[in-house]
Amino acid sequence: VGSDLADFLTNHRMNPKQGDRKYAVKICTKLFDKGIFIHVLDVHGFVDKKLFYRFASPTSSTTTTTTNSNTNTNTNSNTNTPITTPKPTPNKNASEVKRSVRESGSAGGCSSSSNSNSNVKGLLRNITPKALDSGLGKAGLFVAGASTLFARWVNGFKRHTNTLPLFDQKLSDNSGGDPNIRYYHSYWKLTPSQALVIDASPPPCQTWNFQLNNVWMESLDYRFHAIHTNKFLANYRNDDKSAVRVIVAHRDPGVPDANWLSTVGHLEGTMCWRWVKPKVPDSELPHPKARVVPFESLAELD
């Protein structure tokens, strides 16, 4: 994917202008111009968008290509049968990128296109098709591995739905979790007439937070909905901030001393409570207590 390649090269350690996306696009364009990869339908130049590309096949010695103003005609020397395909339509954005590479020089302020070409060629010597193939392959494995890992975890969370047990710290550390955080991963599932009430007594800690996620452990839409709270946002049940109540429900229950989190139309998903840098040993951690209650009874809770 064109934009994915631009992402990869923008942050590549061999990029002399690491973090500069415009420079990365110049490199991508050079690689495309050199015929290292092509658009899957051969109708676009390189564009920093969600367009698909593939590595170009080695040139066949049995195929010759002739081009007129309207068509590309490939003739197979074994059959002498012409294969006519429409001439690719130049992509305006790709043409503009190519022209800007030639005219603007490097992004560092050089006005000479020869200096820009020299910098790009130097980088091209380090980023080979083999290195790109390896890097993209590893990225694919990471995506596949992460989704498989989370799917397996979620199946385990379903065994303690609507409760918040402490997550195995060793497993968390080995999976890349922060060793300074104590996690409570679980699964929630509620009908429209139910609510999940969570009561907690935060220990002395740097901060704490709680969030609702979908079944892939991705947070729900926090831009437009209340799906999380933390030490600094929460309403507490007392002045010393030693008790906090969170209510997970499909609609706002209007309970003043509680923190309503919206399910955003989901009927189930995952959730996570975190104590960040707690100042008590694990054996003394206060665990959040969760229970499912009828929505209509929320106003009557102690």
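A few points on the structure. For clarity, every value in this text was computed on a predicted model and none was experimentally measured.

## Observations concerning the pattern of salt bridges
Part 1 of the argument: Applying the stated criterion across every chain, the model contains 9 salt bridges.
Part 2 of the argument: One salt bridge in this structure joins D199 and R245, with 2.7 Å as the shortest N-O distance. Taken together, the residues span a long stretch of sequence, with D199 in strand 7 (residues 194-200) and R245 in strand 10 (residues 244-249) at a distance of 46 residues.
Part 3 of the argument: The buried category is assigned to R245, whose relative accessible area is 5%.
Part 4 of the argument: In this structure, D221 engages R223 in a salt bridge whose closest nitrogen and oxygen atoms are separated by 3.1 Å.
Part 5 of the argument: Residues joined in a network through salt bridges with shared partners are D7, R21 and D48.

## Some words on the packing of aromatic side chains
Part 1 of the argument: Enumeration according to the criterion identifies 13 aromatic pairs in this entry.
Part 2 of the argument: The interplanar angle of 85° and the centroid separation of 6.3 Å between the aromatic rings of F32 and Y53 together place this pair among those described as edge-to-face. With a gap of 21 residues between them, F32 in helix 2 (residues 21-33) and Y53 in strand 2 (residues 53-55) connect regions that are remote in the sequence.
Part 3 of the argument: Classification of Y53 by relative accessible area gives buried; the value is 15%.
Part 4 of the argument: On the numbers, 6.2 Å between centres and 80° between planes, the contact of F157 with F167 is edge-to-face. In this pair, F157 is assigned in helix 5 (residues 129-157) and F167 in the loop between helix 5 and helix 6 (169-174), connecting sequence segments 10 residues apart.
Part 5 of the argument: Site record: aromatic cluster; members linked through ring pairs are Y184, W208, F210, Y236, W273 and W275.

## A word on unusual backbone geometry
Part 1 of the argument: The phi torsion at M217 lies on the positive side, around 65°, for a residue other than glycine.
Part 2 of the argument: Structurally, the position occupied by M217 is in the loop between strand 8 (205-213) and strand 9 (228-230).
Part 3 of the argument: In this structure, K277 takes a positive phi of about 50° despite not being glycine.
Part 4 of the argument: Along the chain, K277 turns up in strand 12 (residues 268-278).
Part 5 of the argument: Overall, the relative accessible area of 42% leaves K277 in the partly exposed class.

## Considerations on the sheet that holds strand 10
Part 1 of the argument: Within the open sheet, the 4 strands sit side by side as 11-10-7-13. Their pairing is mixed. If you trace the sheet from one side to the other, it starts and ends with strand 11 (259-262) and strand 13 (289-294), each paired once. Along the sheet, successive strands turn relative to each other by an average axial angle of 25°, direction set aside.
Part 2 of the argument: Two strands pair when backbone bridges link them, and strand 7 and strand 10 are joined in this way by 6 bridges, in the antiparallel orientation. For I198, the partnering residue across the bridge sits in strand 10 and is V246.

## What about the packing of helix 1 (residues 2-10) against helix 2?
Part 1 of the argument: At a minimum axis distance of 8 Å, the contact between helix 1 and helix 2 shows a crossing angle of 120°. The pairing of helix 1 with helix 2 is recorded here as oblique in orientation. Seen along the crossing, helix 1 lies across helix 2 with a hand that is right-handed. Contacts between helix 1 and helix 2 involve S3, L5, A6, D7, L9 and T10 from the former and R21, A24, V25, I27, C28 and L31 from the latter.
Part 2 of the argument: Residue classes in the contact of helix 1 with helix 2 are distributed as 8 nonpolar, 2 polar and 2 charged.

Definitions and cut-offs
Residues numbered from 1 in each chain as written. Predicted model: local features only at pLDDT ≥ 70, side-chain atom pairs only at ≥ 80, totals over all residues. Heavy atoms only, no water. Salt bridge = Lys/Arg side-chain N within 4 Å of Asp/Glu carboxyl O. Helix = DSSP H or I, 4+ residues; strand = E, 2+ residues; numbered from the N terminus. Buried < 20%, exposed > 50% of the residue type's maximum accessible area, 1.4 Å probe, protein only. Phe/Tyr/Trp six-rings, centres within 6.5 Å; stacked < 30°, edge-to-face > 60°. Pairing = 2+ DSSP bridges. Axes fitted to C-alpha atoms, helices over the stretch in contact; angles between N-to-C directions. Parallel < 35°, antiparallel > 145°, perpendicular 65-115°, else oblique. Left-handed = near helix turned anticlockwise from the far one by under 90°. Contact = heavy atoms within 4.5 Å. Nonpolar A, V, L, I, M, F, W, Y, C, P; charged D, E, K, R; others polar.

That is the geometry; function is a separate question.
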